[in-house]
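Summary of structural features
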Amino acid sequence: FGADGKEVLYVLERPEKGKGLVPADLPEGRRVDQTALNRLAGVLSPLRIEDVAGAADPGQLEGLDVQARFDYHLFDGTVYRLFPARKGPKEERFYLKIQVDYEPPPKREEDSKTGDKGGQGKAAREQALGSKDLHGRLSPWTYVIPKWQYEAFSTELEKLLEKPDEKEDKKGSS
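Residue numbers here run from 1 along each chain, matching the order of that chain's written sequence. Side-chain atom pairs in this predicted model are given and counted only at pLDDT of 80 or more, local residue features only at pLDDT of at least 70, and totals for whole chains, interfaces and linings cover all residues. Working from all heavy atoms in the structure, the side-chain values ignore hydrogens and water.

1. Topic: the overall build of the protein chain
For clarity, the cut-off: A run of DSSP states H or I qualifies as a helix once it reaches four residues; a run of E qualifies as a strand once it reaches two. Both are numbered from the N-terminal end. Remark: exposure states derive from per-residue accessible area (1.4 Å probe, protein chains only) relative to the maximum for the residue type, with buried under 20%, exposed over 50%, and partly exposed in between. Any two residues having at least one pair of non-hydrogen atoms within 4.5 Å are treated as being in contact.
When you go through the protein chain residue by residue, the secondary structure sums to 5 helices and 8 strands. Along its sequence from the N terminus, the protein chain presents helices and strands in the succession β-β-α-β-β-β-β-β-α-α-β-α-α. Counting over 174 residues, the protein chain shows a buried share of 31%. For the protein chain, contacts bridging at least 24 residues in sequence account for 61% of all contacts bridging at least 6.

2. With respect to the side chain of Arg30
Worth spelling out the cut-off: By the criterion applied in these results, polar contacts are pairs of N or O atoms within 3.5 Å in which, for protein atoms, one can donate a hydrogen and the other can accept it, and in which residues neighboring in sequence qualify only through two side-chain atoms.
With respect to the secondary-structure elements, Arg30 resides in the loop between β2 (22–23) and α1 (34–41). Judged by relative accessible area, Arg30 falls into the buried class, the value being 16%. Here Glu162 takes part through its backbone oxygen, which lies 2.6 Å from a polar atom of the side chain of Arg30. Ignoring anything within four residues of it in the chain, the contact list for Arg30 reads Glu158, Leu161, Glu162, Lys163 and Pro164.

3. A word on the packing of aromatic side chains
The geometry of an aromatic ring pair is captured by the separation of the ring centres together with the interplanar angle, meaning the angle of the planes. Defined as follows: By convention, a stacked pair of Phe, Tyr or Trp rings (six-membered ring in the case of Trp) has centres within 6.5 Å and planes under 30 degrees apart, an edge-to-face pair has planes over 60 apart, and any other such pair is tilted.
Counting across every chain of the model gives 2 aromatic pairs. Geometrically, the ring pair formed by Phe70 and Phe153 is tilted, given 5.1 Å between the ring centres and 50 degrees between the ring planes. Taken as a pair, Phe70 in strand β5 (residues 70–73) and Phe153 in the loop between α4 (147–152) and α5 (166–173) lie far apart in primary sequence, 83 residues in all. Of the two residues, Phe70 and Phe153, both sit in the buried class. On the basis of an interplanar angle of 40 degrees and a centroid distance of 4.8 Å, the ring pair of Phe94 and Tyr150 is categorised as tilted. Note that Phe94 is positioned in strand β7 (residues 93–102) and Tyr150 in helix α4, a separation of 56 residues in sequence. With relative accessibility at 4%, the residue Phe94 sits in the buried group.

4. Thoughts on helix α3 (residues 122–138)
The condition is simple: To estimate the expected span of a helix, count its residues, drop one, and scale the result by 1.5 Å. Our arc is simply the arc of the directions from the helix axis toward the C-beta atoms.
Between the first and last C-alpha of α3 there are 24 Å, a value that for 17 residues agrees with the 24 Å anticipated at 1.5 Å per step. Among all positions in α3, only Ala124, Ser131 and Leu134 are buried. Along α3, the residues classed as buried sweep out an arc of 85 degrees about the axis, all on the same side. Summarising the geometry of α3, the exposed residues directed more than 90 degrees from the buried face are Lys122, Arg125, Leu129, Lys132 and Arg137. Residues of α3 that are buried sit in contact with β6 (78–87) and β7.

5. Thoughts on the nonpolar core
Rule in force here: Here, the term nonpolar core denotes a set of buried Ala, Val, Leu, Ile, Met, Phe, Trp, Tyr and Cys residues that are joined through side-chain atoms within 4.5 Å.
Among the nonpolar cores identified, the biggest contains 24 residues, and Phe70, Tyr72, Leu82 and Phe153 are the most heavily contacted of them. Among the secondary structure elements, those contributing two or more residues to this core are α1, β5, β7, β8 (142–145) and α4. Per-element accounting of this core gives the leading share, 4 residues, to β7. When near neighbours in sequence (up to four residues on either side) are disregarded, Leu82 contacts Leu44, Ala68, Arg69, Phe70, Tyr72, Leu96, Lys97, Ile98 and Phe153.

6. A closer look at the environment of Glu156
Relative to the elements of secondary structure, Glu156 occurs in the loop between α4 and α5. Between the alpha carbons of Glu156 and Leu9 there is a distance of 7.2 Å; along the sequence they are 147 residues apart.

These results come straight from atomic positions and should not be treated as a statement about function.
Structure representation (structure tokens):
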């Protein structure tokens, strides 16, 4: 989402467990830059928190520029909402706010085989409570993160696509 939290910039989805991310609406004739996509998909696995900001001095957080909101929906219904932000241009510090929520996952064909009630059973209730607990522990804090990690949160779909082949462009204009 854009900084306003309303405009969807792009959607990436994993069609099923074990599959890679793919853009939901890939522009015609374009291909995904798998390296850039992997970098975005893996931005959380090496999450490096350098410090916690604002705990002792809440004024330290004034003037943060929130870049966008990234929603990570997991197959179990957990949703991580990440808000990368920066403070600058004079002070180059980078921040991350985290919120956790639960949204019942869509019912899948395999759910009927296991008897799961599509986000309504006991496991779903436990997952929702776990998400609420995690939200309570993570959301009050603003984390200081390294610049490279902040920059991995790309808000432009164009940066996740391969550059158009110049040879193809010349053929099309001949």
